Amino acid sequence: MLAAAAILLVTTGARQSLGLYVGPLNQSTGLGIADISLALAVGQFVWGASQPIFGAISDRHGPIRVIAAGSLLLAIGFAATPFAHTTVGLIWTLGVLSAAGAGAGSFSILIGATAQRLAPQQRGFAAGFINAGASFGQFVFAPLNQALIGLFGWVSALSAMAVLMLSTLPMAWCLRDGAAGTPAHASSHAATAPASGLREQLAVAARDANYWCLHLGFFTCGFHVAFLVTHLPTEVNLCGLNSSVAATSLAIIGLANVAGSLGAGILGNRVRLKWLLFWTYLTRAVAIALYLLSPRTGATFYVFAAVLGLTWLSTVPPTVGLVAKLFGTRYLATLFGLTLLSHQMGGFFGAWLGGLAMSRFGNYSWMWYADILLALGAALINLPIREAPLQPGAQQAGPRVS
């Protein structure tokens, strides 16, 4: 758990701080916010699309090679970005290489590898604990990146990030097969697996409406997260505030979500997971509405960041828990990876449409309204989910309320 959380701290912390580079990249390349946002939007999608692929490889061959490959891809992508002076170049460095590398060391691979070594009652807390690593990474990397950019410039800052990405290589060794005294695919979860092979498992999941409800809710989560990490620094600048307010706000989001993730992991053993998701999304809608009604001051951004941070990635533990309840842990990395693909499809639109809105209207008003509507929809779409595990060969005509 410690190793997985530490790896996620590095890979996600660096990735979630890339919004701080939008302004410097725009000034250096002159490409415009819309084109830079497109590159980061592609990165959102690639990060999600790579996870079921890497998850399947990890399920079959173990996580070490996957995480090591991701570390190298992240380092190469960050190191090559200063040499990219076109939109296509940025898409390749930030949108493909670094995003795929982050995907290889992200939630589905790390939580999947850890969950297979734990008893069912321990998995909820483990998912929250590992997820808290990502949140703490944002708390660490946002001010670190801002400080490096201010002191040495964005090129040196991004080069330093490239070197730091290699630190996950020795940590990956802790997740090798048998590290906990049991094989990676221990028999403790075999009884809950409704299908014997990956292809059969995917077919079962595709027929289950509960699984698709999770996908739809997670799409909204990705939309919110990507829009904010990409465009919050620009929103702060629009309000005439110092860029340090944006870095501090991102750090507060990360720190608050440490509590949110751990709380979601603990509550997942006590309350219905679908109700956790319902209240998380509803809280986001209310927080954004109150932000729009508040004066744009540093204090407003800090309070908004703290409230939003409690819900930031606290959707991950209940979503992981529901996937494990429905299908077991044998192919958890792959099945949860697919929900993260939906998450990042939302992330693509959140990052990209934010840039288009800024270019066309000069502000993000319509994006905030879309955030509220999507959050309300996500809260409601999770209510019909049935949490009982599927039986072998069972088919679901639709979700049933429980």
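No experiment lies behind these values; they were computed from the predicted model shown.

Student: Describe the overall build of the protein chain, and please don't skip the residues or the numbers.
Tutor: When helices and strands are counted, the protein chain shows 17 helices and 0 strands. Its C-alpha radius of gyration of 20 Å places the protein chain within 12% of the 21 Å reference for a compact globule of 402 residues. Put simply, of all contacts in the protein chain between residues at least 6 apart along the chain, 85% involve residues at least 24 apart. Total accessible area on the protein chain is roughly 14900 Å²; 70% of this is exposed by carbon and sulfur atoms. Of the charged side chains in the protein chain, 18 are positive and 8 negative, and the gap between their average positions amounts to 7 Å.

Student: Which residues make up the packing of helix H11 (residues 209-238) against helix H12 (residues 243-267), and what are the values?
Tutor: Here H11 crosses H12 at 140 degrees, and the two axes come no closer than 8 Å. It follows that H11 is oblique to H12 by the angle criterion. Judged by the twist between their axes, the crossing of H11 over H12 is right-handed. For the pair formed by H11 and H12, the contact residues are Val 229, Leu 232, Pro 233, Val 236 and Asn 237 on the first element and Ser 243, Val 245, Ala 246, Ser 249, Leu 250 and Ile 253 on the second.

Student: Please give an account of the nonpolar core that cites residues and values.
Tutor: By size, the foremost hydrophobic cluster in this structure holds 111 residues, and its most contacted members are Tyr 21, Phe 78 and Phe 107. Of all the elements, H11 adds the most residues to this core, at 13 residues. Other than its neighbours up to four places away in sequence, Tyr 21 contacts Asn 145, Ile 149, Trp 154, Ala 157, Leu 158 and Met 161.

Student: Lay out helix H1 (residues 2-15) in plain terms, naming residues and giving numbers.
Tutor: Taking 1.5 Å per residue, 14 residues should reach 20 Å; H1 reaches 20 Å between its end C-alpha atoms and fits that length. Among the 14 residues that make up H1, 11 are buried, leaving the element largely enclosed by the rest of the structure.

Student: Could you give an account of the environment of His 215, naming the residues involved and the relevant values?
Tutor: Examined against the element boundaries, His 215 turns out to sit in helix H11. The class for His 215 is buried, based on a relative accessible area of 7%. The spatial distance from the C-alpha of His 215 to the C-alpha of Phe 327 is 15 Å, given a sequence separation of 112 residues. Setting aside residues up to four positions removed in sequence, His 215 forms contacts with Leu 338, Thr 339 and Ser 342.

Student: So what's going on with the packing of helix H13 (residues 273-292) against helix H15 (residues 316-327)? Which residues, and what values?
Tutor: Where H13 contacts H15, the two axes come as close as 9 Å, and the packing angle between them is 150 degrees. Here H13 lies roughly antiparallel to H15, going by the angle between them. Note on packing geometry: the crossing formed by H13 with H15 is left-handed. Where H13 abuts H15, its residues Leu 273, Lys 274, Leu 276 and Leu 277 lie against Pro 318, Thr 319, Gly 321, Leu 322 and Lys 325. Split by residue class, the contact of H13 with H15 holds 5 nonpolar, 2 polar and 2 charged.

Student: Quick one: what's the story with the packing of aromatic side chains, residue by residue and with numbers?
Tutor: In the structure shown here, the tally under the stated rule is 16 aromatic pairs. With 5.6 Å between their ring centres and 40 degrees between their planes, Phe 348 and Trp 352 make a pair best called tilted. Residue Phe 348 and its partner Trp 352 are located together in helix H16 (residues 332-361), separated by 4 residues, close to a single helical turn. For Phe 348, a relative accessible area of 18% translates into the label buried. Lying across the ring of Trp 47, Arg 15 places its NZ or CZ 4.0 Å from the centre. The ring centre of Tyr 291 lies 4.4 Å from the NZ or CZ of Arg 296, which sits over that ring.

Student: Go over the confidence of the model for the protein chain with me, naming the residues and quoting the values.
Tutor: Per-residue confidence for the protein chain averages 83 on the pLDDT scale, and 90% of its residues sit at or above 70. In the predicted structure, residues 178-195 sits below a pLDDT of 50 and forms 35 contacts with residues beyond four places in sequence or in another chain. The model gives residues 389-402 a pLDDT under 50, and that stretch makes 32 contacts with residues more than four places away or in other chains.

Student: Explain the state of the cysteines to me, using residue names and the numbers behind them.
Tutor: A complete count under the given rule lists 0 disulfides for this structure. With no disulfide partner, Cys 221 has as its closest neighbouring cysteine sulfur the one in Cys 213, 16 Å distant.

Student: Tell me about a nonpolar patch on the surface, and please be specific about residues and values.
Tutor: Together, Phe 136, Val 140, Leu 144, Leu 164 and Leu 255 line one region of the surface with nonpolar side chains, adding up to about 350 Å² of accessible area. Looking at the nonpolar patch, the element that brings in the most residues is helix H7 (residues 120-152), giving 3 residues. Relative to the assigned elements, Leu 255 resides in helix H12.

Student: If you had to explain the side chain of Ser 249 to someone new, which residues and values would you point to?
Tutor: Mapped onto the elements of the fold, Ser 249 is located in helix H12. Taking the relative accessible area as the measure of exposure, Ser 249 reaches 1% and is therefore buried.

Rules of the game
- As a convention, each chain's residues are numbered from 1 in the sequence order in which they are written.
- Per-residue local features are limited, in this predicted model, to residues with pLDDT of at least 70; the limit for side-chain atom pairs, both in listing and counting, is 80 or more; totals at the level of whole chains, interfaces and linings are taken over all residues.
- The basis for every side-chain value is the complete set of heavy atoms in the structure, and neither hydrogens nor water enter the calculation.
- Under the scheme used here, helices are H or I runs from DSSP no shorter than 4 residues and strands are E runs no shorter than 2 residues, and both carry numbers assigned from the N terminus.
- C-alpha atoms define the radius of gyration in this analysis, and the globule rule sets the expected value at 2.2 Å times the number of residues to the power 0.38.
- Any pair of residues with heavy atoms lying within 4.5 Å of one another is described as a contacting pair.
- Here the Shrake-Rupley method, with its probe set to 1.4 Å, supplies the accessible areas, and only the displayed protein chains count as covering residues.
- For this count, His and the chain ends are skipped, Lys and Arg are scored as positive, and Asp and Glu as negative.
- Charge positions come from single atoms, namely NZ of Lys, CZ of Arg, CG of Asp or CD of Glu.
- Lines fitted to C-alpha atoms define the axes here, with helix axes fitted over just the stretch in contact, and angles between the N-to-C directions of these axes take values from 0 to 180 degrees.
- When describing relative orientation, an angle under 35 degrees is termed roughly parallel and one over 145 degrees roughly antiparallel, while 65 to 115 degrees is termed roughly perpendicular and anything else oblique.
- What makes a crossing left-handed is the near helix being turned counterclockwise from the far one by less than a right angle; a clockwise turn instead makes it right-handed.
- Among the buried residues, those of types Ala, Val, Leu, Ile, Met, Phe, Trp, Tyr and Cys that are joined through side-chain atoms within 4.5 Å form a nonpolar core.
- Exposure categories follow from relative accessible area, calculated using a 1.4 Å probe and restricted to protein chains: below 20% of the type maximum is buried, above 50% is exposed, and the middle band is partly exposed.
- For a helix, the expected span equals 1.5 Å multiplied by the number of residues minus one.
- Polar here means any residue outside two lists: the nonpolar Ala, Val, Leu, Ile, Met, Phe, Trp, Tyr, Cys and Pro, and the charged Asp, Glu, Lys and Arg; Gly therefore counts as polar.
- Within 6.5 Å between ring centres, the rings of Phe, Tyr and Trp (the latter by its six-membered ring) count as paired, and their orientation is classed by plane angle as stacked under 30 degrees, edge-to-face over 60, tilted in between.
- By the criterion adopted, a ring carries a charge over it if an Arg CZ or a Lys NZ lies within 6 Å of its centre and within 35 degrees of its normal.
- pLDDT is a per-residue confidence score from the predictor, ranging from 0 to 100.
- When two cysteine sulfur atoms lie within 2.5 Å, the pair is treated as a disulfide.
- Patch membership requires over 30% relative accessible area and the absence of a salt bridge. Like charges are linked within 9 Å, and nonpolar side chains (Val, Leu, Ile, Met, Phe, Trp, Tyr) within 5 Å.
- We define a salt bridge as a contact between a side-chain nitrogen of Lys or Arg and a carboxyl oxygen of Asp or Glu at a distance within 4 Å.

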